[in-house]
Amino acid sequence: SYGFRDILGSRIHRSRREDRWGGEPFGPGDIMGLCITMIDEDEDGDASSFSAKGSGCHIRLFKNGQALGHFEIVRGSKLGGEAFNIMPGTYYPAISSYMGGSARVNFGPHFVYPPPKTLPGGWKALPVSDLCPPPPEPKDAAALAVQERNFPKKTEDSVIKAFQEAVEVEAKIRSKCYKAHYSKHAEEIRSDRLQRGFNNADLP
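Residues numbered from 1 in each chain as written. Predicted model: local features only at pLDDT ≥ 70, side-chain atom pairs only at ≥ 80, totals over all residues. Heavy atoms only, no water.

Asks: Which parts of the structure should I look at to understand the confidence of the model for the chain?
Replies: Detailed reading of the predicted model is not advised wherever pLDDT is low. Mean pLDDT for the chain: 89, with 92% of residues reaching 70 or above. Of all secondary-structure elements in the chain, the lowest mean pLDDT belongs to strand E8 (residues 77–80), at 83, while helix H2 (residues 157–196) reaches the highest, 96. pLDDT under 50 marks residues 43–55. Its contacts with residues more than four places away, or in other chains, come to 20 contacts. (pLDDT = per-residue confidence, 0-100. Helix = DSSP H or I, 4+ residues; strand = E, 2+ residues; numbered from the N terminus. Contact = heavy atoms within 4.5 Å.)

Okay, here's the thing in structure tokens:
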């Protein structure tokens, strides 16, 4: 596992703590951003050949919109800043707190501190929410369900119609829940930005 600690902003891997990697302490009111870059293995399928400079999979940390870590300027380009260089695989986010501590997570698509348009190395940050696209419109969902159901030719129209209506009812519920969640998400981001005096022009 890979982790960060609020005290000193330490990074931790395999139960080993490192305090002087370029991190900063954080606490109540701070907004921490995590960015994980995942790429496919090289053509030979050898993940171990990735450069230690971070040209492969890695994790970055941000504090209140500012990238943490050590950077260097090479030929006019800003490089570095990786908190961890990691192997390809499946990773799951988690938070550990104690003494009544709590945190709120935000998987996007909107952020109080939007990520930079491009990261060192030319990477583009995308929100995790992109992995869960909006549900289709009810009528589109019903049409797709009928197509996938592949009813026999002799099926009565009333049966197909009843099936479509049932799918549409469920699709309407899903769509309503999604829109309500999205609206609440946008309002939370708007409120947090207003408290910091930020622009909300990009929000719906």
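Asks: Any chance you could explain the nonpolar core here in plain terms?
Replies: Most often, soluble globular proteins have nonpolar side chains that are buried together. Core analysis: the biggest nonpolar cluster contains eight residues, these being Trp21, Cys57, Ile59, Leu61, Leu68, Ala83, Phe84 and Ile86. Once you skip the residues sitting within four places of it in the chain, Ile59 turns out to touch Tyr2, Phe4, Leu34, Cys35, Ile36, Glu82, Ala83, Phe84 and Ile86. One finds Ala141, Ala142, Ala145 and Val167 within the second-largest nonpolar core, a separate group that totals five residues. (Core = buried A, V, L, I, M, F, W, Y, C linked by side-chain atoms within 4.5 Å. Buried < 20%, exposed > 50% of the residue type's maximum accessible area, 1.4 Å probe, protein only.)

Asks: What exactly am I supposed to notice about helix H1 (residues 138–149) here?
Replies: One full turn of an α-helix is made of 3.6 residues, so residues set three or four places apart face in the same direction. Taking 1.5 Å per residue, twelve residues should reach 16 Å; H1 reaches 16 Å between its end C-alpha atoms and fits that length. Within the sequence span of H1, burial applies to Pro138, Ala141, Ala142, Ala145 and Val146. All buried residues of H1 lie within an arc of 135° about the axis, which places them on one face of the element. Residues of H1 that are exposed and angled more than 90 degrees away from the buried face: Lys139, Gln147 and Glu148. In the core, the buried residues of H1 are packed alongside H2. Count one or two residues on from H1 and you reach Asn150, which has phi positive near 50°. (Expected span 1.5 Å × (residues − 1). Arc of directions from axis to C-beta.)

Asks: It is not clear to me how a nonpolar patch on the surface should be interpreted in this structure. Could you clarify?
Replies: Among the surface-exposed residues, Ile95, Val105, Phe107, Val128 and Leu131 lie close enough to one another that they form a single nonpolar patch of about 520 Å² accessible area. Mapped onto the fold, Phe107 is located in the loop between strand E9 (84–85) and H1. Phe107 sits in the partly exposed class, given a relative accessible area of 41%. (Patch = residues over 30% accessible without salt bridge, like charges linked within 9 Å, V, L, I, M, F, W, Y side chains within 5 Å. Areas by Shrake-Rupley, 256 points an atom, 1.4 Å probe, with all protein chains shown as cover. Salt bridge = Lys/Arg side-chain N within 4 Å of Asp/Glu carboxyl O.)

Asks: Would you take a moment to explain the environment of Asn200 for this structure?
Replies: Among the structural elements, Asn200 can be located in the segment after H2. Judged by its relative accessible area of 15%, Asn200 is buried. When sequence neighbours within four positions are dropped, the list of residues in contact with Asn200 reads Ile189, Arg190, Arg193 and Leu194.

Asks: I tried to follow the sheet that holds strand E3 (residues 16–18) on my own but got confused; where do I start?
Replies: In any sheet, the strands associate via hydrogen bonds between backbone groups, in a parallel or an antiparallel arrangement. Taken in spatial order, the three strands of this open sheet run E1-E2-E3, and their pairing is antiparallel. Both edges of this open sheet fall to strand E1 (2–4) and E3, since each of them pairs with a single strand only. Averaged over neighbouring strand pairs, the angle between their axes works out to 25° when direction is ignored. (Pairing = 2+ DSSP bridges. Axes fitted to C-alpha atoms, helices over the stretch in contact; angles between N-to-C directions.)

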